[in-house]
There are 2 protein chains.
Amino acid sequence: MQFLRVYQCLCDETRLRILNLLLEGPLCVCHLTEILEIPQPKVSRHLKGLRDGGALETERCCNWTICRLPKTPNALLEANLRCLQDLRTEEPQFKADLVKREQTIDRILNHPGEDLPAQIRSLGLCCS
Amino acid sequence: MQFLRVYQCLCDETRLRILNLLLEGPLCVCHLTEILEIPQPKVSRHLKGLRDGGALETERCCNWTICRLPKTPNALLEANLRCLQDLRTEEPQFKADLVKREQTIDRILNHPGEDLPAQIRSLGLCCS
DNA sequence: AACGAATATGCTGTAAATCGAATATTCGGA
DNA sequence: TCCGAATATTCGATTTACAGCATATTCGTT
């Protein structure tokens, strides 16, 4: 059932945190891992869950995997992403994650020494 | 987390079927059981799940328990009930349940011999 | 008080989801 | 071709969700 497929995606805290972050723009797996402060295999597994549920698109760029929300989410997912956008200020964890995201992006931009491809480096700035 | 509480409610087919039916108006447990064609304990347990998740209100009337959607659902639930309302035509099970609901209500109305309090009998007609 | 209808709960087994830890894979650079 | 970084997958253990079945509870009636 189409409904269940979406809701099963949405009923895990880690997956919701990921969607919350991606509402701001794409991120690669390593930055997601850093922001969420959870083990990388766990992030990877939940990303797979989101992808299988149609709630995530990924694109391989060299060694990095760029994660973004689907360009054309189905109606149910789209409505819930809007809800997440509207209601996330009520959830401390979501707000904290967004702060951490800012910090991480700042660090990336201000430390050009880190060995990141320009495409990855600019993720935080480019929401396309 | 408030989000999880709602989504955990929504990620079970039986619970979605119940919500779908209640969008048309209140029903008591025995009629829900008849319409869904599943064992009564199963219905009861899922109703409890919905109630715990804030997606259902029940009212005792004699021996009957009247189930209805909450008068003031939280924003996330409300949005998803709207989605259910809008998208249910795509889901055969939801449509079949609505047909069965009509049949059941007709049967109740046309067989006054059945021993039902007027309050229960009129549930299908009164959506308040 | 005894009974029956409507509903709820307890119990047990099973399937599914999640996790941590270890390992495999992929890819660019030395 | 070997190495390291980024990512994915496998494995075993644990938890959680759901099921069916039996039984308890509640309430009106006799």
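Heads up: the structure comes first, above all this text.
Parameters and conventions
- Residues numbered from 1 in each chain as written.
- Chains lettered and ligands numbered in written order.
- Predicted model: local features only at pLDDT ≥ 70, side-chain atom pairs only at ≥ 80, totals over all residues.
- Heavy atoms only, no water.
- Contact = heavy atoms within 4.5 Å.
- Buried area = accessible area lost by both parts, 1.4 Å probe.
- Salt bridge = Lys/Arg side-chain N within 4 Å of Asp/Glu carboxyl O.
- Helix = DSSP H or I, 4+ residues; strand = E, 2+ residues; numbered from the N terminus.
- Nonpolar A, V, L, I, M, F, W, Y, C, P; charged D, E, K, R; others polar.
- Near = heavy atom within 4 Å.
- Polar contact = N/O pair within 3.5 Å; in protein donor to acceptor, adjacent residues only side chain to side chain.
- Core = buried A, V, L, I, M, F, W, Y, C linked by side-chain atoms within 4.5 Å.
- Buried < 20%, exposed > 50% of the residue type's maximum accessible area, 1.4 Å probe, protein only.
- Least-squares fit on C-alpha atoms with pLDDT ≥ 70 in both.

Colleague: Could you give me a rundown of the interface of chain B and chain A, with the residues and numbers involved?
Modeller: Accessible area lost during the coming together of the parts is what is often quoted as the interface size. Counting from both sides, the interface comprises 22 residues of chain B and, opposite them, 22 residues of chain A. Note on chain B versus chain A: buried area summed over both sides is about 1,900 Å², and carbon and sulfur give 80% of it. Three residues stand out in chain B for area buried against chain A, namely B:Met1, B:Phe3 and B:Tyr7, and they jointly supply 33% of the buried area on that side. Along the contact surface separating chain B from chain A lie zero salt bridges. At the level of elements, helix 1 (2–10), helix 2 (13–22), helix 5 (75–87) and helix 6 (92–110) of chain B are the ones that each hand at least two residues to the side of chain B that touches chain A. Of all the elements, helix 5 of chain B adds the most residues to the side of chain B that touches chain A, at seven residues. The residue inventory of the side of chain B that touches chain A, partitioned by class, reads 14 nonpolar, four polar and four charged.

Colleague: Go over the protein's contact with DNA strand C with me, naming the residues and quoting the values.
Modeller: Around DNA strand C there are 22 residues in total, and A:Lys42, A:His46, B:Cys30, B:Gln40 and B:Arg45 lie nearest to it. Protein-proximal atoms of DNA strand C, defined as those within 4 Å of the protein, fall in sugar or phosphate at a share of 53%. A distance of 2.9 Å separates a phosphate oxygen of DNA strand C from a polar side-chain atom of A:Arg15. Between DNA strand C and the protein, one listed contact pairs a base oxygen with a side-chain N or O atom of B:Arg45 at 2.4 Å. Here the surface near DNA strand C takes six residues from helix 4 (residues 40–52) of chain B, the largest share from any one element. Here the surface near DNA strand C is built from residues that sort into eight nonpolar, six polar and eight charged.

Colleague: I'd love a proper account of the protein's contact with DNA strand D, names of residues and values included.
Modeller: A:Cys30, A:Gln40, A:Asn63, B:Lys42 and B:His46 are the nearest of the 20 residues found near DNA strand D. Sugar plus phosphate, as a fraction of atoms of DNA strand D within 4 Å of the protein: 65%. A distance of 3.4 Å separates a phosphate oxygen of DNA strand D from a polar side-chain atom of B:Asp12. B:Arg45 places a polar side-chain atom, nitrogen or oxygen, 3.1 Å from a base oxygen of DNA strand D. Secondary-structure elements contributing two or more residues to the surface near DNA strand D are helix 3 (29–36), helix 4 (40–52) and strand 3 (64–68) of chain A together with helix 4 of chain B. The biggest single contributor to the surface near DNA strand D is helix 4 of chain A, with five residues. Across the surface near DNA strand D, the residue classes break down as seven nonpolar, six polar and seven charged.

Colleague: Could you give an account of the pattern of salt bridges, with specific residues and numbers?
Modeller: All names here are of chain A. Following the criterion strictly, the structure yields 16 salt bridges over all chains and no others. Between Glu 24 and Arg 88 there is a salt bridge; the shortest N-O distance is 2.4 Å. Of this pair, Glu 24 sits in the loop between helix 2 (13–22) and strand 1 (27–28) while Arg 88 sits in the loop between helix 5 (75–87) and helix 6 (92–110), placing them 64 residues apart in sequence. One salt bridge in this structure joins Glu 37 and Lys 100, with 3.5 Å as the shortest N-O distance. Of this pair, Glu 37 sits in the loop between helix 3 and helix 4 while Lys 100 sits in helix 6, and the two are 63 residues apart along the sequence.

Colleague: Before we move on, can you summarise the nonpolar core with the specific residues and values?
Modeller: Counting 67 residues, the largest nonpolar core has A:Tyr7, A:Leu32, B:Tyr7 and B:Leu32 as its most contacted members. Apart from the residues within four sequence positions on either side, B:Tyr7 is in contact with A:Tyr7, A:Leu10, A:Cys11, A:Leu16, A:Asn80, B:Leu76 and B:Asn80.

Colleague: Kindly report on the relation of the copies chain B and chain A, identifying the contributing residues and their values.
Modeller: Screw-axis analysis of chain B against chain A gives a translation of 0.0 Å along the axis, an RMSD of 0.0 Å, and a rotation angle of 180°. One copy is carried onto the other by what is essentially a two-fold rotation axis. When C-alpha distances to the rotation axis are compared across chain B, the minimum falls at B:Tyr7, with a value of 3.1 Å. Both copies contact each other with a shared surface, as 100% of the interface residues of chain B are interface residues in chain A too.

None of this, on its own, says anything about what the molecule does.
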